[in-house]
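# Examination of the molecular architecture
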Amino acid sequence: MDSSSLRGLLDEYAELEKQLADPSVHADQGRARKLGRRYAELTPVVRAIGELDGVRGDLAAAREMAEDPAFAAEAEELAERVPVLEARLTELLLPRDPYDGSDVVMEIKSGEGGEESALFAGDLLRMYLRYAERHGWKAEVLDSVDSDLGGFKDATVSIKSKGTDADGVWARLKFEGGVHRVQRVPATESQGRIHTSAAGVLIYPEPEEVEVEIDPNDLRIDVFRSSGPGGQSVNTTDSAVRITHLPTGIVVSCQNEKSQIQNRARALQVLQARLQASAEEEAAAKASDARRSQVRTVDRSERVRTYNFPENRISDHRVNYKAYNLDQVLDGDLDGVLDALRSADRDERLSAHSG
């Protein structure tokens, strides 16, 4: 990036600092959060620019006095630091995913394997809820369809970050979409044989400012009673809402809120996020393989990850990641595999940039 572009970033950072110091800005929490995230995003860039400028200045000064052996040695040391800092700055200036700071909506669906698949979908749901808890995020199950043995045929979860970090929930979980395969002895298996089944995960960012316009005539809205475990009614009124977007066939349900109005509003938010993600998916059909890895059918052959219980092993097939801490992963310790996925994505973007 040329010096004028870097100056533009420094000017933007100074302006953000000025705005965030204005109490009136914080009256609009949405705006303050957006500004805070951009400020957090630029902070490491500004620090890297400052450090690089400082080292370059020290290097020039040391070279002027290089006749003194001490300054000559210092110049040599500083000269070695410059390319390291330049590479760091280049990495920080790589184009970011515009949704890295966003909250997410996640859907977990059972697939092949009947009750065992539904039980595994329940394991995945608990894994993500525990991961969210570890990070201080707010996770909310918006809708779920239970299975007979305590698993889930389908669950929709909203996961929100409470902070203004540059990297939000999407930055950490965006590569979770796809088919997750499990290998274990099912609770329903009397012979002790290992079975393979699968569950699917769909994840999409929930934009703070939704850009998709929805025509009310394109919607079919049904109301029904919220149900708890085993199908029992937990509400005596028709407060749960199911919205069908007729042009696309997308169906969204919400039964978590107290009233029909709240459930309807929340379901519309989720539908807008789904339509936004769908529109961008079409526009970015040539995006990287990692971003296109989400699948709409839960087929065991199209897997992104395998959870092998007998060996306590987790394997992510996209980045050849393998670890033997499955019990800890299912308890929400996902950072190892998520870091491997993020690292591979960063390397791919750096390679594309240098190429």
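These numbers were taken from a predicted model, which means no experiment stands behind them.

## Focus on the sheet that holds strand E8 (residues 250–254)
Pairing in this open sheet of three strands is antiparallel, and the strands run E6-E7-E8 from one edge to the other. What marks the edges here is a single partner per strand, and that holds for strand E6 (219–224) and E8. The sheet shows a mean angle of 15° between the axes of neighbouring strands, taken without regard to direction. Across five bridges, strand E7 (residues 240–245) lies against E8 in antiparallel orientation. The residue of E8 that forms the bridge with Thr 244 is Val 251.

## Some points on a negative patch on the surface
A grouping of Asp 58, Glu 74, Glu 76, Glu 77 and Glu 80 is seen on the molecular surface, where their side chains present a negatively charged patch. By the element assignment, Glu 77 lies in helix H3 (residues 69–92).

## Focus: the pairing of strand E5 (residues 195–206)
On a regular strand, one side chain projects to one face of the sheet and the next to the other, so that they alternate. With respect to burial, E5 is a largely interior element, 10 of its 12 residues being buried. Bridge count for strand E1 (residues 103–110) against E5 is eight bridges, and the pairing is antiparallel. Bridge pairing in E5 links Asp 103 to Glu 206. The pairing of strand E4 (residues 178–184) with E5 spans seven bridges and is antiparallel. Within E5, the residue paired with His 180 across the bridge is Ala 199.

Rules used throughout
Residues numbered from 1 in each chain as written. Predicted model: local features only at pLDDT ≥ 70, side-chain atom pairs only at ≥ 80, totals over all residues. Heavy atoms only, no water. Pairing = 2+ DSSP bridges. Helix = DSSP H or I, 4+ residues; strand = E, 2+ residues; numbered from the N terminus. Axes fitted to C-alpha atoms, helices over the stretch in contact; angles between N-to-C directions. Patch = residues over 30% accessible without salt bridge, like charges linked within 9 Å, V, L, I, M, F, W, Y side chains within 5 Å. Areas by Shrake-Rupley, 256 points an atom, 1.4 Å probe, with all protein chains shown as cover. Salt bridge = Lys/Arg side-chain N within 4 Å of Asp/Glu carboxyl O. Lys, Arg positive; Asp, Glu negative; His and termini not counted. Charge placed at Lys NZ, Arg CZ, Asp CG, Glu CD. Buried < 20%, exposed > 50% of the residue type's maximum accessible area, 1.4 Å probe, protein only.

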